[in-house]
Amino acid sequence: MQARCAVALGSNIGDSHTILEAAIERLVYTPGILLQAKSRWYKTKAVGPPQPDYLNGCAVLQVELPPQLLLDTLLAIEQEFGRVRQQHWGPRSLDLDLLLYDDLILDTPTLQIPHPRMRERAFVLVPLAEIAANWIEPVSGRVIKELVKEVDCSDVHLVKGN
Ligand SMILES: Nc1ncnc2c1ncn2[C@@H]1O[C@H](COP(=O)(O)OP(=O)(O)OP(=O)(O)O)[C@@H](O)[C@H]1O
Ligand SMILES: Nc1nc2c(c(=O)[nH]1)N=C(CO)CN2
């Protein structure tokens with residue numbers, strides 16, 4: 001079975017640009033994952049507890065993996081990039097969040113789709129609107145380009161020379 005999914009990428013430790021570009025390559029290297037689109041990179045102020053600014057972006061993938069296996073793959077790639085789970089919302093070399101999986105709504109103890117906080121996050125919605133503006137977020141029934149108008153995007157800045 002083929003599905004289209006959207007992934008958010010973030011990094012605020014190390015050479016984040018190199019890490020995020022390498023994470024895209026690593027995703028593409030995974031059997032069952034094809035890259036359909038990737039956004040440019042954005043420098044963003046950390047939301048939540050004080051920590052270094054992030055570099056964020058999004059990608060749209062065509063996958064042949066079921067949702068939980070896809071998540072497990074994302075978590076494994078985070079580990080490969082040295083992601084130690086110091087503390088929730090703490091700095092990390094690589095964060096991969098599964099935002100959308102076709103029009104699936106899933107709420108299990110290990111996986112929630114759509115990502116439960118994506119609609120409040122400019123650092124997700126701005127790059128996602130760049131590559132998936134007309135994707136309907138299934139919980140709200142709204143398209144991404146409408147959702148991004150409802151969040152404060154003043155802390156999301158396109159990186160020069162993307
Ligand atoms: N859609 C999803 N995308 C990514 N992780 C998810 C998702 N749904 C559930 N999880 C679970 O959330 C756990 C916590 O992830 P993590 O510690 O990276 O949270 P975070 O990225 O710091 O915060 P946030 O979840 O708010 O982005 C993961 O280990 C994963 O098992
Ligand atoms: N700007 C920004 N802030 C965050 C981010 C992130 O990726 N970017 N990720 C978090 C936990 O997932 C918490 N806060």
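Remember, it's a predicted structure, so these values are computed and weren't measured experimentally.

Draft legend 1. Broad picture of the site of ligand 2. Taken together, the residues surrounding ligand 2 are Thr44, Lys45, Ala46, Val47, Tyr54, Asn56, Trp89, Arg92, Asp95 and Phe123. With respect to ligand 2, the side chain of Thr44 contributes an N or O atom lying 2.8 Å from a nitrogen atom. Note that an oxygen atom of ligand 2 is positioned 3.2 Å from one of the side-chain N or O atoms of Asp95. Across the complex, the protein chains shield 96% of the 340 Å² of accessible surface that ligand 2 would expose by itself. More than half of the atoms of ligand 2 fall within 2 Å of the grid points belonging to the largest pocket.

Draft legend 2. Expanded view of helix α1 (residues 16–29). In a regular helix each residue adds 1.5 Å, so 14 residues correspond to 20 Å; α1 covers 20 Å between its end C-alpha atoms and thus fits that length. Of all the positions in α1, only Ser16, Ile19, Leu20, Ala23, Ile24 and Leu27 are classed as buried. On an axial view of α1, the arc spanned by its buried residues comes to 140°, and they lie on one face. Every exposed residue of α1 that faces more than 90 degrees away from the buried side is listed here: Glu25 and Tyr29. The inward-facing, buried residues of α1 abut β1 (3–11), β2 (33–38), β4 (54–63) and α2 (67–80).

What counts as what
Residues numbered from 1 in each chain as written. Chains lettered and ligands numbered in written order. Predicted model: local features only at pLDDT ≥ 70, side-chain atom pairs only at ≥ 80, totals over all residues. Heavy atoms only, no water. Near = heavy atom within 4 Å. Polar contact = N/O pair within 3.5 Å; in protein donor to acceptor, adjacent residues only side chain to side chain. Areas by Shrake-Rupley, 256 points an atom, 1.4 Å probe, with all protein chains shown as cover. 1 Å grid on protein atoms, 1.4 Å probe; cavity = no way out; pocket = protein on both sides within 12 Å on 5 of 7 lines; lining within 4 Å. Sits in = over half its atoms within 2 Å of the grid points. Helix = DSSP H or I, 4+ residues; strand = E, 2+ residues; numbered from the N terminus. Expected span 1.5 Å × (residues − 1). Buried < 20%, exposed > 50% of the residue type's maximum accessible area, 1.4 Å probe, protein only. Arc of directions from axis to C-beta. Contact = heavy atoms within 4.5 Å.

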